[in-house]
Structure formats: structure tokens, C-alpha cells
Amino acid sequence: MQYFILVWVVGVQWALFGYSLSFGPDVRSLIGGLDWFGLKGVRLEPFKDYAATVPRQAFMVFPMMFAARRCSASSPARSPGWSRSLRPPVS
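Quick caveat, the model's predicted, so the values are computed rather than measured.

Scanning all chains against the criterion turns up 6 aromatic pairs. For the ring pair Tyr19 and Trp36, a centre distance of 5.7 Å and an interplane angle of 20° mean the geometry is stacked. Pair noted here: Tyr19 is in helix 1 (residues 2-23) and Trp36 is in the loop between strand 2 (31-32) and helix 2 (56-74), with a separation of 17 residues, a long-range link. Residue class for Tyr19 comes out buried when judged on its relative accessible area of 1%. Here Trp36 falls in the buried class, since its relative accessible area comes to 9%. An angle of 70° between the planes, with centres 5.1 Å apart, marks the rings of Phe23 and Phe59 as edge-to-face. Linking Phe23 in helix 1 with Phe59 in helix 2, this pair joins segments that are 36 residues apart in sequence. Judged by its relative accessible area of 25%, Phe59 falls in the partly exposed class. In textbook terms, an aromatic cluster arises when at least three aromatic residues are bridged by ring pairs, as seen for Trp14, Tyr19, Phe23, Trp36 and Phe59.

This is the structure:
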């Protein structure tokens, strides 16, 4: 259950502001702006600056899959005995 909640939270964060901050128009060449906050203006047409043939929505989903995969790698909820196996034995 913890994993599903974590994937949902990361997905919502990525869709709301993560994609815009990562790939949006530059703000002083440091970080992307919030011009695409909530995926406003992200449609099926390709964005010529990044990939001339890949739709923006597909370009948005691909990095989000890596973020979701990272949730499963860092979550101790993947196995019930996983966190107990890392503790030293009690004598």
C-alpha cells in the first residue's frame, strides 16, 4: 500500500510542477519556469527544441516512469522481511 501511495504522490508532483521545472522554458539558464504548471499547454504535438518527432506527452511520461521505478527501489514495502534482514542478530 505504501508503494502505491508513493507512486501516486510522485506522479502528481511530476505532472504538477516537476516536468515544468525540468523541461520548461529557462529562467536565467538555471531552472525551468512554471509556464507548463499542471501540464498547461503540453499537447500531442512535438516540441521542436527537444525532439522533432516525439509528442510532448510521451516525452513527459518517459522520465516519470524512472521516478516511479525509483519509488519501488527505495521503499522498504517491497518485501515484508526486507527491513528485518538488515538488522544485526540479537544475542
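After presenting the structure, the write-up continues.
So, on to unusual backbone geometry. Here the phi dihedral of Arg28 falls at roughly 55°; this positive angle occurs in a residue that is not glycine. Take Arg28: it is sitting in the loop between strand 1 (26-27) and strand 2. Assessed through its relative accessible area of 81%, Arg28 is described here as exposed.

Before going further, it helps to examine the environment of Ala52. As for its placement among the helices and strands, Ala52 is situated in the loop between strand 2 and helix 2. Dropping the residues within four chain positions of it, Ala52 is found in contact with Pro46 and Phe47.

Rules and cut-offs
Residues numbered from 1 in each chain as written. Predicted model: local features only at pLDDT ≥ 70, side-chain atom pairs only at ≥ 80, totals over all residues. Heavy atoms only, no water. Phe/Tyr/Trp six-rings, centres within 6.5 Å; stacked < 30°, edge-to-face > 60°. Helix = DSSP H or I, 4+ residues; strand = E, 2+ residues; numbered from the N terminus. Buried < 20%, exposed > 50% of the residue type's maximum accessible area, 1.4 Å probe, protein only. Contact = heavy atoms within 4.5 Å.

Just distances and angles here, no functional claims.
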